[in-house]
Amino acid sequence: MTTPNAAAAGTWKLGDLVVNRLGFGAMRLTGTAAFDQGVPRDREPSIAVLRRAVELGVNHIDTAAFYFSSTRSANELINRALAPYPGDLVITTKVWPGRDPSGQWWWASPEQLRGQVEENIRQLGRDHLDVVNLRIPPSRVATSITEHFGALAELRQAGLIRQLGISNATPEQLAEAQAIAPLVCVQNPYGIGSPAAGQDLLRSCGEQGIAFVPFFAIAGAGRESGAPSTDAEAVTAVARAHGVSAAQVRLAWTLQQGPHVLAIPGTGDPGHLDDNVAAASLRLTDEEMTLLSSIR
């Protein structure tokens, strides 16, 4: 059996940082479900998953300081598992949302973003952050992000951040951010069955040379709770035809949306990790892509 390798998906540049298009999301490292919704995972298996991911060619890890449960922190696990970091490893994080030590959510003011950036730097044990996404609150999808993105642009000028991105954004907010500073990625929810508006933004990013980084590509409407126990018949039919899992089909479909599309599936399970990375080499036919794209 061939060992899966993330490099099979090809590469993309986040500014001056080259990453394999199949990456890894850290949200599920801390427990069986996101944040405090599940049972905390044992520390050593989570560390082993991170090390295995790098062995399988993953050089792009997506995380956040608010990825923690009552006893585990994703950033600290990454630090423990991978420092000193491989020279080609790119770590992306997110700011604006935050959680206090008890787990309660809060949203940072522009002035508080520096503290969030510095906390990520401390937890990860780095001197700067490779990529920081401004994660826009659901309540702000129709409002200006100028003050918050401008604050991150100043931190980039100060050397604390190498590249910038935005997350959960609209096309208008993308244009607003671009008027302030260069950005290398847009990280939005997207996958099989997503509304047409998501496809429009994905296409626009490709035309502008910006990476589009979907989250919940496997979970879909399940979001933080994870993928449903049963999948759409079209997805399972394509999976049976290739002898692969439904999750691999969803990831392969996502990656085939364009060379600028990345994937960051997350897991704390070694078997799921290998399965996800194997999607890097799965190629769907044009007919299969059309069939899966018709799901709504």
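Cut-offs used in this document
Residues numbered from 1 in each chain as written. Predicted model: local features only at pLDDT ≥ 70, side-chain atom pairs only at ≥ 80, totals over all residues. Heavy atoms only, no water. Core = buried A, V, L, I, M, F, W, Y, C linked by side-chain atoms within 4.5 Å. Buried < 20%, exposed > 50% of the residue type's maximum accessible area, 1.4 Å probe, protein only. Helix = DSSP H or I, 4+ residues; strand = E, 2+ residues; numbered from the N terminus. Contact = heavy atoms within 4.5 Å. Arc of directions from axis to C-beta. Polar contact = N/O pair within 3.5 Å; in protein donor to acceptor, adjacent residues only side chain to side chain. Phe/Tyr/Trp six-rings, centres within 6.5 Å; stacked < 30°, edge-to-face > 60°. Axes fitted to C-alpha atoms, helices over the stretch in contact; angles between N-to-C directions. Parallel < 35°, antiparallel > 145°, perpendicular 65-115°, else oblique. Left-handed = near helix turned anticlockwise from the far one by under 90°. Nonpolar A, V, L, I, M, F, W, Y, C, P; charged D, E, K, R; others polar. Expected span 1.5 Å × (residues − 1). Pairing = 2+ DSSP bridges. Salt bridge = Lys/Arg side-chain N within 4 Å of Asp/Glu carboxyl O.

Trainee: Quick question: what am I supposed to make of the nonpolar core here?
Mentor: What tends to happen in soluble globular proteins is that the nonpolar side chains get buried as a cluster. Core analysis: the biggest nonpolar cluster contains 85 residues, and Ile78, Leu152, Ile166 and Leu292 have the highest contact counts within it. Per element, the largest residue contribution to this core is six residues, and it comes from helix α8 (residues 246–255). Ignoring any residue separated from it by four or fewer positions in sequence, one finds Ile166 in contact with Asn133, Leu134, Ile145, Phe149, Gln173, Leu174, Ala177, Leu183, Cys185, Val186 and Gln187. Among the nonpolar cores identified, the runner-up in size contains 11 residues, and Leu17, Val90, Ala211 and Leu262 belong to it.

Trainee: Would you mind showing me how to read the environment of Val58 here?
Mentor: For Val58, the position within the fold is in the loop between α1 (43–55) and β4 (60–62). C-alpha of Val58 to C-alpha of Asn120: the two residues are 62 residues apart in sequence and 20 Å apart in space. Residues within four places of Val58 in sequence aside, it is in contact with Ala6, Leu22, Gly23, Phe24, Ala53, Leu89 and Val277.

Trainee: I'm lost on helix α9 (residues 270–278) in this one. Help?
Mentor: Since the α-helix packs 3.6 residues into each turn, any two residues three or four apart lie on the same face. Within α9 the residues assigned to the buried category are Leu273, Asn276 and Val277. Each buried residue of α9 lies within a common arc of 95° when the element is viewed along its axis, so the set occupies one face. As for α9, its buried residues are in contact with β3 (24–25), α1 and α8. With a side-chain oxygen positioned 2.9 Å from the backbone nitrogen of Gly271, the residue opening α9 is Asp269.

Trainee: Honestly, the packing of aromatic side chains in this entry has me stumped. Any pointers?
Mentor: What describes a pair of aromatic rings is the distance from one ring centre to the other and the angle between the planes of the rings. One pass over the structure, following the stated rule, counts six aromatic pairs. Judged by centre distance (5.7 Å) and plane angle (90°), the rings of Tyr190 and Phe212 are edge-to-face. A residue pair is termed long-range when its members are at least 10 positions apart, and Tyr190 in the loop between β10 (185–187) and α6 (196–208) and Phe212 in strand β11 (residues 211–212) qualify at 22 residues. Overall, Phe212 belongs to the buried group, its relative accessible area being 1%.

Trainee: Help me understand the packing of helix α7 (residues 233–242) against helix α10 (residues 286–293) in this model?
Mentor: Geometrically, a packed helix pair is captured by the angle between its two axes and the distance between the axes. Their axes nearest at 9 Å, the elements α7 and α10 cross at an angle of 155°. Accordingly, the angle class assigned to the pair α7 and α10 is roughly antiparallel. For α7 against α10, the interelement crossing comes out left-handed. On α10, the residues that touch Ala234, Val235, Val238, Ala241 and His242 of α7 are Glu288, Leu291 and Leu292. Grouping the constituent residues of the contact of α7 with α10 by class yields six nonpolar, one polar and one charged.

Trainee: Just checking my understanding: could you explain the environment of Leu201 for this structure?
Mentor: On the secondary structure map, Leu201 appears in helix α6. On a C-alpha basis, the gap between Leu201 and Thr170 in space is 7.8 Å, while along the polypeptide they are 31 residues apart. When near neighbours in sequence (up to four residues on either side) are disregarded, Leu201 contacts Ala169, Pro171, Leu174, Val186, Asn188 and Phe212.

Trainee: Explanation requested: α1 in the structure shown.
Mentor: Relative to the 18 Å expected for 13 residues at 1.5 Å per residue, α1 spans 19 Å between its end C-alpha atoms, a close match to the ideal helical length. Considered for burial, the residues of α1 that qualify are Ser46, Ile47, Val49, Leu50 and Ala53. Taken around the axis of α1, the buried residues stretch over an arc of 155°, which confines them to a single face. At its buried positions, α1 is contacted by β3, β4, α2 (74–82) and α9. Phi turns positive one or two residues past the end of α1, at Gly57, with a value near 95°.

Trainee: Help me understand the pairing of strand β1 (residues 11–14), please; the structure alone is not making it clear to me.
Mentor: Where a strand is regular, its side chains alternate between the two sheet faces. Two elements, β1 and strand β2 (residues 17–20), share four bridges in a ladder whose sense is antiparallel. Across the sheet, Lys13 pairs through a bridge with Val18, a residue of β2. Taking the residues between adjacent antiparallel strands as the criterion, β1 and β2 are bridged by two residues, where Gly15 takes a positive phi near 70°.

Trainee: Help me understand the pattern of salt bridges in this model?
Mentor: Side-chain pairing between opposite charges can occur once the charged atoms of the two side chains come close. For the structure shown, the criterion picks out 11 salt bridges. Of the charged contacts, one joins Arg162 and Asp16 as a salt bridge, the two residues approaching to 2.9 Å between their closest N and O atoms. Residue Arg162 is found in strand β9 (residues 161–167), and its partner Asp16 is found in the loop between β1 and β2; the two are separated by 146 residues along the sequence. Arg52 is the salt-bridge partner of Glu55, the closest N and O atoms lying 3.6 Å from each other. Of the two residues, Glu55 and Arg52 both sit in helix α1, three residues apart, roughly one turn of that helix. For Arg52, a relative accessible area of 27% corresponds to the partly exposed category.

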